[in-house]
Amino acid sequence: MRDLFFIAFLGIFGLMGLKRPFLLVAVYAYIDIVSPQRLSYFLLNTIPISAMAFAAMVGAWLVMDDKKDCRFSVRQGLMLVLVAYCGYTTMTADFPAEALTKWNWVWKAIIAGIFLPLVLRTRLRIEALTLFMILCASTIIINGGMKTALSGGGYGVLNLMVENNSGLYEGSIISCVAISLMPLILWLSNHGTIFPPDWRVKTFCYALCLACMLMPIGTEARTGLVCLVILFGMMLVRSKKKFVYGPLLAVAALASIPFLPASFTQRMETIENHQGDESAATRVAVWMWTLDYVKQHPGGGGFDNYLQNSFTYFAQSTVVDSGGARIERRIVTDKGRAYHSAYFEMLGEQGYFGFFIWALIHGICFIRTEMIRRLYRKRDGPDEAWISPFASALQQGHVVYMIGSLFVGIAYQPFIFMMLALQIGLDTYLTRLRKAAARDDLAATLGAGRSVPA
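Residues numbered from 1 in each chain as written. Predicted model: local features only at pLDDT ≥ 70, side-chain atom pairs only at ≥ 80, totals over all residues. Heavy atoms only, no water.

1. What to know about the nonpolar core
Soluble globular proteins tend to bury their nonpolar side chains together. Ranked by size, the top nonpolar core spans 109 residues in total, and within it Leu116, Leu129, Ile141, Leu181 and Leu426 carry the most contacts. Shared between two domains, this core takes at least three residues from each, and those domains are domain 1 (1-65) and domain 2 (75-268 + 340-441). Once residues within four sequence positions are removed from consideration, Leu116 is found in contact with Val25, Met57, Leu129, Met418 and Ala421. (Core = buried A, V, L, I, M, F, W, Y, C linked by side-chain atoms within 4.5 Å. Buried < 20%, exposed > 50% of the residue type's maximum accessible area, 1.4 Å probe, protein only. Domains from an automatic or database assignment. Contact = heavy atoms within 4.5 Å.)

2. Some remarks on the packing of aromatic side chains
Enumeration according to the criterion identifies 15 aromatic pairs in this entry. Pairing Trp287 with Phe344 gives two aromatic rings, centres 5.1 Å apart and planes at 5°, and the pair type is stacked. Of this pair, Trp287 sits in helix α13 (residues 278-296) while Phe344 sits in helix α14 (residues 342-376), placing them 57 residues apart in sequence. The same class applies to Trp287 as to Phe344, namely buried. Arranged with centres 5.8 Å apart and planes meeting at 75°, the rings of Tyr306 and Tyr339 form a pair that is edge-to-face. Here Tyr339 lies in the loop between β2 (324-335) and α14 and Tyr306 lies in the loop between α13 and β1 (310-321), a separation of 33 residues in the sequence. Here Tyr306 and Tyr339 have matching classes, each one buried. What links up through ring pairs into an aromatic cluster is the set Tyr28, Phe54 and Trp107. Looking at Arg379, its charged tip hangs above the ring of Tyr376, at a distance of 4.5 Å from the centre. (Phe/Tyr/Trp six-rings, centres within 6.5 Å; stacked < 30°, edge-to-face > 60°. Helix = DSSP H or I, 4+ residues; strand = E, 2+ residues; numbered from the N terminus. Lys NZ or Arg CZ within 6 Å of the ring centre and 35° of its normal.)

3. Description of helix α8 (residues 171-191)
Its 21 residues give α8 an end-to-end C-alpha distance of 30 Å, which sits within 8% of 30 Å, the value for a rise of 1.5 Å per residue. For α8, the principal kink sits at Met182 and spans about 35°; a proline, Pro183, occurs within the next four residues. Most of α8 is tucked away, with 18 of its 21 residues classed as buried. Of the residues flanking the start of α8, the one acting as N-cap is Glu170, its side-chain oxygen 2.9 Å from the backbone nitrogen of Ser172. (Expected span 1.5 Å × (residues − 1). Bend = angle between axes of the 7 residues up to and from the residue. Polar contact = N/O pair within 3.5 Å; in protein donor to acceptor, adjacent residues only side chain to side chain.)

4. Focus: helix α4 (residues 49-64)
Taking 1.5 Å of rise per residue, 16 residues should cover 22 Å, and α4 covers 21 Å from first to last C-alpha, within 8% of that figure. Along α4, the residues classified as buried are Ile49, Ser50, Ala53, Phe54, Met57, Ala60 and Trp61. Viewed along the axis of α4, the buried residues span an arc of 145°, placing them on a single side of the element. Exposed side chains of α4 directed beyond 90 degrees from the buried face belong to Leu62 and Val63. (Arc of directions from axis to C-beta.)

5. A look at the pattern of salt bridges
Note on pairing: side chains with opposite charge can pair once their charged atoms come close. The final tally for this structure, using the stated rule, is nine salt bridges. Across the pair Arg75 and Asp427 runs a salt bridge, and its minimum N-O distance is 2.6 Å. Highlighted residues: Arg75 in helix α5 (residues 74-91) and Asp427 in helix α16 (residues 414-447), separated in sequence by 352 residues. Using a relative accessible area of 4% as the deciding quantity, one classes Asp427 as buried. For Glu384, the salt bridge goes to Arg379, with nearest N and O atoms at 3.3 Å. For Glu384, a relative accessible area of 29% corresponds to the partly exposed category. Overall, the relative accessible area of 32% leaves Arg379 in the partly exposed class. What you see here is one network of salt bridges that share partners, running through Arg75, Arg368 and Asp427. (Salt bridge = Lys/Arg side-chain N within 4 Å of Asp/Glu carboxyl O.)

6. As for the UniProt feature "transmembrane region" (unreviewed entry) in the protein chain
The positions that UniProt labels "transmembrane region" (unreviewed entry) are, in the present scheme, residues 39-64, 76-93, 105-121, 128-146, 166-187, 245-264, 351-369 and 399-424. Helix makes up 89% of residues 76-93 and strand 0%, with an end-to-end C-alpha separation of 25 Å. Annotation note: span residues 351-369, helix share 100%, strand share 0%, distance between end C-alpha atoms 27 Å. (UniProt positions renumbered as here; feature names shortened; annotations may be inferred.)

7. Describing the environment of Pro117
Mapped onto the elements, Pro117 comes out in helix α6 (residues 96-119). For the pair formed by Pro117 and Gly425, sequence separation is 308 residues and the distance between their alpha carbons is 4.4 Å. Once you skip the residues sitting within four places of it in the chain, Pro117 turns out to touch Gln76, Ala421, Ile424 and Gly425.

Written out as structure tokens, the structure is:
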């Protein structure tokens, strides 16, 4: 029954996309975020629906969509360079078969990030993609939030609809993504036009934000807690009442501690000492191995080259016995451990050049979004009041994701390339409006017979 529902849902959207091609962008976002093929029993998981949705999205744009306002930015050009270099390192990878498996979905995620700004030509389309990203992710977040509220969750215990914990169904990843979406959710609650922000929309948005905050608790992901602290800090800095909200947040955080599961507080305590937690100690050891690897292989080793790592590290733990409590140190040998960091993932797999291009893309997006936020922050007209808050929400979500990716290998996730596409699309859209306004002003000046300044 579930399979038939997914097929009917996707089929209806696909047919609607024949008349409104942009709806196929929504289908692509739904499939790459929710991954219904993982929820399917036997029908959808036997066909490449993600590749089919991608092909339908691009094909509909080529055949039916208006292309007169399309713009290609420098960041899209850098993404082309990145995907081409990833293709090169895949052909020369240390583990060709494993690299090809990862390449089969990475290239599509990056190309989608290049393509999406071309279709984000209007405010409605920009808002629609934002809304679909939030609603698609909310199918996982609401599920996890309700289970956390009812059962408390647990590390590796919280079931997010599927047994396979890859993609957004992995605890640390969904915690990072959930917190990064909160600024955009709050923006929709104040500036949305598809669902005008009445009391029902605001109630749903605030409840969804609560579910987002419950995700780090339910998954017991330390990454989520770090992301939440960073987000609250950024919001507080830009708040006009920071000296009021700051103490209130501190009191609320302290008051919530007695209500948190004991396993959650115990796991969060390991943040201050990485040697006290084997998972954290392993990550540090992998990062050190990566730095040594790229010194000898500056071009990178291709996707999944971490499979060759082998290292020994010291770990310590508190042992309580008849003699009392003591710190016990031991030597641990491990191999084939994943990077658990987008930065080291990119550095190890794509080398110095790939890492530089990747970092440059994110850096330019951050700078351009900040420029937009400052340029429009004092404009409160009906057509421009939404722009600065939206740029701020995108920037905050982007920063939270990049902070979270310090501890999770999510450099190539389709979600972040959709967020980058929103930033690029907003930039090109506003640039086009400013140029059109300048042409109109020039035409009005010439029409009135006034001289034009040199």
